[in-house]
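A look at the structure
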Amino acid sequence: MKKILIASAAAALTTAVLAAPAVSPATTQFDVLLKVVSACTVSSNANVSFGSVDSFAATNISANANAITVNCSKGTKYTIGLTPSNNSTTGGGVMKSQNLSTVETVAYQLHSVSATGPNWGNGNTSGTAAGNGISGTGTGAAVNHMVYATVADATAVSPDDYKDTVQVSVRY
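None of the values given here were measured: they were computed from a predicted structure.

This part covers the sheet that holds strand 4 (residues 77-84). What the three strands build is an open sheet, ordered 7-4-10; its pairing is antiparallel. The open sheet has two edge strands with one neighbour each: strand 7 (134-137) and strand 10 (166-171). Averaged over all pairs of adjacent strands, the angle between strand axes in this sheet comes to 20°, irrespective of strand direction.

Take a look at the structure:
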């Protein structure tokens, strides 16, 4: 009889444990994720203009500077390269006459720092090494980089408007 009583008590205890109410509340967890990637924007605030010059005195001309504005994510390393339409990697471009029946050209050179500063080109076509461009590190705020241009001689060309287009590339 003791054996039956012990077996009955054990069965009742097992049933009571199995039938215990669930713990409330049931819980789990999840992560909140965000991946921030590097980004840069670039704009040119104005054209580089030599203005009007007398053809007899058209040597060693410096243009008004132009600001190239770059805004890169904080800590993002970048380089700025300038490529004239003749694809010169040295920043030496050629402006073409706009209104003449035959095309005449005026050579120019792009510079950083000042009109007599280092040539500014696009010698680096990949990566973040500056080459003959300029480099920087993003702060998350817009940064102006000044570009200057010079013309050594424009005395041997006809009076006209001369123009070229420069591609600005920011690699990051």
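This is not the end of the story, as more comes after the structure.
The full count for this structure, using the stated rule, is one disulfide. Here Cys-40 engages in a disulfide with Cys-72; their sulfurs sit 1.9 Å apart. Taking the sign of the S-S torsion, about 115° here, the bridge from Cys-40 to Cys-72 comes out right-handed. Residue Cys-40 is found in strand 1 (residues 40-44), and its partner Cys-72 is found in strand 3 (residues 66-72); the two are separated by 32 residues along the sequence. You'll find Cys-40 and Cys-72 in the same group, each marked buried.

Quick look at the environment of Asn-45 now. Residue position: Asn-45 is located in the loop between strand 1 and strand 2 (59-62). Residues within four places of Asn-45 in sequence aside, it is in contact with Asn-66, Ala-67, Thr-69 and Asn-144. Looking at Asn-45, its side chain comes within polar contact range of the side chain of Thr-69, at 3.1 Å.

Attention shifts here to unusual backbone geometry. Looking along the chain, the bond that leaves Ser-24 and enters Pro-25 is cis, with omega of 0°. Within the fold, Pro-25 resides in the loop between helix 1 (2-18) and strand 1. Phi angles above zero are rare outside glycine, and Asn-87 is one such case at about 65°. Within the fold, Asn-87 resides in the loop between strand 4 and strand 5 (92-97).

Right, let's talk about the side chain of Ser-169 for a bit. Residue placement: Ser-169 occurs in strand 10. Dropping the residues within four chain positions of it, Ser-169 is found in contact with Thr-79, Ile-80, Gly-81 and Asn-122.

So, about the nonpolar core. Ranked by internal contacts, the top residues of the largest apolar core, which has 24 residues, are Phe-50, Ile-80 and Val-151. Elements with a contribution of two residues or more to this core: strand 3, strand 4, strand 6 (105-112) and strand 8 (143-153). Beyond its immediate sequence surroundings of up to four residues, Val-151 is in contact with Phe-50, Thr-59, Asn-60, Ile-61, Met-95, Val-106, Ala-107 and Tyr-108.

The pairing of strand 5 with strand 6 spans five bridges and is antiparallel. Across the sheet, the residue bridging to Val-94 is Ala-107, located in strand 6. Here strand 5 runs beside strand 9 (residues 162-163); their pairing, made up of two bridges, is antiparallel. The partner of Ser-97 across the bridge, within strand 9, is Tyr-162.

The rules behind each value
Residues numbered from 1 in each chain as written. Predicted model: local features only at pLDDT ≥ 70, side-chain atom pairs only at ≥ 80, totals over all residues. Heavy atoms only, no water. Pairing = 2+ DSSP bridges. Helix = DSSP H or I, 4+ residues; strand = E, 2+ residues; numbered from the N terminus. Axes fitted to C-alpha atoms, helices over the stretch in contact; angles between N-to-C directions. Disulfide = S-S within 2.5 Å. Buried < 20%, exposed > 50% of the residue type's maximum accessible area, 1.4 Å probe, protein only. Contact = heavy atoms within 4.5 Å. Polar contact = N/O pair within 3.5 Å; in protein donor to acceptor, adjacent residues only side chain to side chain. Core = buried A, V, L, I, M, F, W, Y, C linked by side-chain atoms within 4.5 Å.

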